[in-house]
Amino acid sequence: MDAEAPTVPEPSPARQQIETMRREMEDMDVDEGFKDEDGEMLVEVEDDGGLAESDEEDLPPTQDDASLKFDKHEDAVYCVAVSKSGAILSGGGDDRAWLQPAPMGSRGAICLEGHNDSVTACGFSHQDSMCATGAYDGSVKLWDTASGRLLRTLEGPGDVEWLAWHPKGDVVLCGACDGTLWMWLATSGACMRVFAGHDGAVLCGGFTCDGKKIVSGSADGSLRVWNPRKGQCAHAFLPHKGASTDAVVMTQGAVSCIAFHPSDPDLVIGGAEDGCAAVVHCSSKKVLCRLEHAPTYDEDEEAGAAVVSVAFADNGWCSTGA
């Protein structure tokens, strides 16, 4: 007996539609889609079939909307701070900081020299009378804001990752690559406290809005709350390592940015290289919410969506940038 020929199923309606569209596209004159109303080609076709870039002469001119331009740095600018009165302070990879007194443009910028490595952090005191610069040479320098005169040099930490002033006093704080935080009385230069406990570089931190707590984030994946007077860690929000989700701040990766609520001293948000951020409550020691900005972290590969900036508004909103 002869074998029966296999039955060929009829193509589905969706498949029939795809085949119809394919035949229509094959019959299209693609070049017509790249012509203007005068019949001129909008793009130039390369020999390899690719599309060439548009002629630079056809691009609109770049518009500079800046009111004032500072171009004194000879290398990358790593940090910028603005005082309440409008003075501007910046630091860069040329081992220098520049101070532009307020009002802008009324006086020339003042070069603040003395660091021996990249200036990575800067800021103004709560009354703007002093400003500080921190560098990878392991020093924090204090300057007179009005004249740019060097007041004193504070030493002790490793590479300075960031610095912050107390919101109500002449106290300056910094975090270092060696896992420590240092706090000085700016008026005398006396070291008030050294905070130790992180197992990696302290990448971000500062004072809460009332100045009664310090919170720091580290490359070890933790967020720590400190008592400034006692120099002790009050609580550590640790990365998830099989614990309950209530203890989670970040699943993996360094905590590289932090922001403090402008009116609630207990609310802090930290962002990490796992593509997530978390809002924590310092007093209750709870993680209030975990914000997944773009969680693509793989411990075997380089992270591609790290949260590198976070901020609070005073109306219940926060933002994350990755």
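Residues numbered from 1 in each chain as written. Predicted model: local features only at pLDDT ≥ 70, side-chain atom pairs only at ≥ 80, totals over all residues. Heavy atoms only, no water.

**Q** Please provide a residue-by-residue account of the overall build of the protein, values included.
**A** Per the secondary structure count, the protein includes 1 helix and 22 strands. Taking all 322 residues of the protein together, 40% fall into the buried category. Considering only residue pairs separated by 6 or more positions, the protein has 38% of its internal contacts joining residues 24 or more positions apart. Roughly 18400 Å² of accessible area belongs to the protein as shown, and the carbon and sulfur atoms make up 48% of that amount. (Helix = DSSP H or I, 4+ residues; strand = E, 2+ residues; numbered from the N terminus. Buried < 20%, exposed > 50% of the residue type's maximum accessible area, 1.4 Å probe, protein only. Contact = heavy atoms within 4.5 Å. Areas by Shrake-Rupley, 256 points an atom, 1.4 Å probe, with all protein chains shown as cover.)

**Q** Could you give an account of the side chain of R224, with specific residues and numbers?
**A** Note that R224 resides in strand β15 (residues 223-227). A polar contact is formed between the side chain of R224 and the backbone oxygen of G197, at a distance of 3.5 Å. Beyond its immediate chain neighbours, meaning those up to four positions away, R224 contacts G197, H198, I214, V215, S216, C233, H235, A236 and L238. (Polar contact = N/O pair within 3.5 Å; in protein donor to acceptor, adjacent residues only side chain to side chain.)

**Q** Just give me the short version of the confidence of the model for the protein, but keep the residues and values in it.
**A** Close reading of the predicted structure is inappropriate where its pLDDT is low. Per-residue confidence for the protein gives a mean pLDDT of 84; residues scoring 70 or more make up 75%. Low confidence marks residues 44-51, where pLDDT is under 50. Its contacts with residues over four positions away, or in another chain, come to 8 contacts. Low pLDDT, under 50, characterises residues 242-248; the stretch is placed with 6 contacts to residues that sit more than four places away or in other chains. (pLDDT = per-residue confidence, 0-100.)

**Q** Let's hear about the sheet that holds strand β11 (residues 180-185): which residues, and what values?
**A** Reading across the sheet, the 4 strands line up as β9-β10-β11-β12 and stay open at both edges, with antiparallel pairing between neighbours. Edge positions in the sheet fall to β9 (160-165) and β12 (190-196), since each of these pairs with one other strand and no more. Ignoring which end each strand starts from, the neighbouring axes of this sheet average 20 degrees apart. Bridge analysis of β9 against strand β10 (residues 171-176) gives 5 bridges, and the strand direction is antiparallel. In the sheet register, W165 faces β10, and the bridge partner there is V172. (Pairing = 2+ DSSP bridges. Axes fitted to C-alpha atoms, helices over the stretch in contact; angles between N-to-C directions.)

**Q** A description of the side chain of S216 should follow, citing residues and the corresponding values.
**A** Structurally, S216 is set in strand β14 (residues 214-218). Here W226 takes part through its side chain, which lies 2.8 Å from a polar atom of the side chain of S216. Contact partners of S216, with chain neighbours within four places excluded, come to L181, H198, V202, C204, G205, S222, L223, R224, W226 and I258.

**Q** So what's going on with the state of the cysteines? Which residues, and what values?
**A** Applying the stated criterion across every chain yields a total of 0 disulfides. In this structure C79 is not part of a disulfide, and its nearest cysteine sulfur, from C122, lies 3.5 Å away. Classification of C122 by relative accessible area gives buried; the value is 12%. (Disulfide = S-S within 2.5 Å.)

**Q** Which residues make up the sheet that holds β15, and what values do they have?
**A** With antiparallel pairing, the 4 strands of this open sheet are ordered in space as β13-β14-β15-β16. Every other strand in the sheet has two partners, leaving β13 (202-207) and β16 (232-237) as the edge strands with one partner each. The mean angle between the axes of side-by-side strands here comes to 20 degrees, regardless of whether they run parallel or antiparallel. Sheet topology places β14 next to β15; 4 bridges connect them, and they run antiparallel.

**Q** Quick one: what's the story with the packing of aromatic side chains, residue by residue and with numbers?
**A** Scanning the model with the defined rule gives 2 aromatic pairs in all. Seen from their ring centres, W182 and W184 are 6.1 Å apart, and the 25 degrees between their planes marks the pair as stacked. (Phe/Tyr/Trp six-rings, centres within 6.5 Å; stacked < 30°, edge-to-face > 60°.)

**Q** Describe in detail the pattern of salt bridges, supporting the description with residues and values.
**A** What the rule picks out here adds up to 4 salt bridges. Here E292 and R290 are joined by a salt bridge, their closest N and O atoms 2.8 Å apart. Under the relative-accessibility criterion, E292 is labelled exposed at 52%. (Salt bridge = Lys/Arg side-chain N within 4 Å of Asp/Glu carboxyl O.)

**Q** Would you mind going over the environment of A306 in detail, with residue names and values included?
**A** With respect to the helices and strands, the residue A306 is situated in the loop between β20 (286-292) and β21 (309-312). Linking A306 and V255, residues 51 residues apart in sequence, is a C-alpha distance of 9.5 Å. In contact with A306, not counting residues within four places along its chain, are A272, E273, G275, G321 and A322.

**Q** Go over unusual backbone geometry with me, naming the residues and quoting the values.
**A** Although it is not a glycine, D95 sits at a positive phi angle of roughly 70 degrees. Along the chain, the position of D95 falls in the loop between β2 (88-92) and β3 (97-100). With relative accessibility at 25%, the residue D95 sits in the partly exposed group. Phi at K285 takes a positive value of approximately 60 degrees, unusual for a residue other than glycine. In this fold, K285 is placed in the loop between β19 (276-281) and β20. On the basis of relative accessible area, K285 is assigned to the partly exposed category, the value being 42%.

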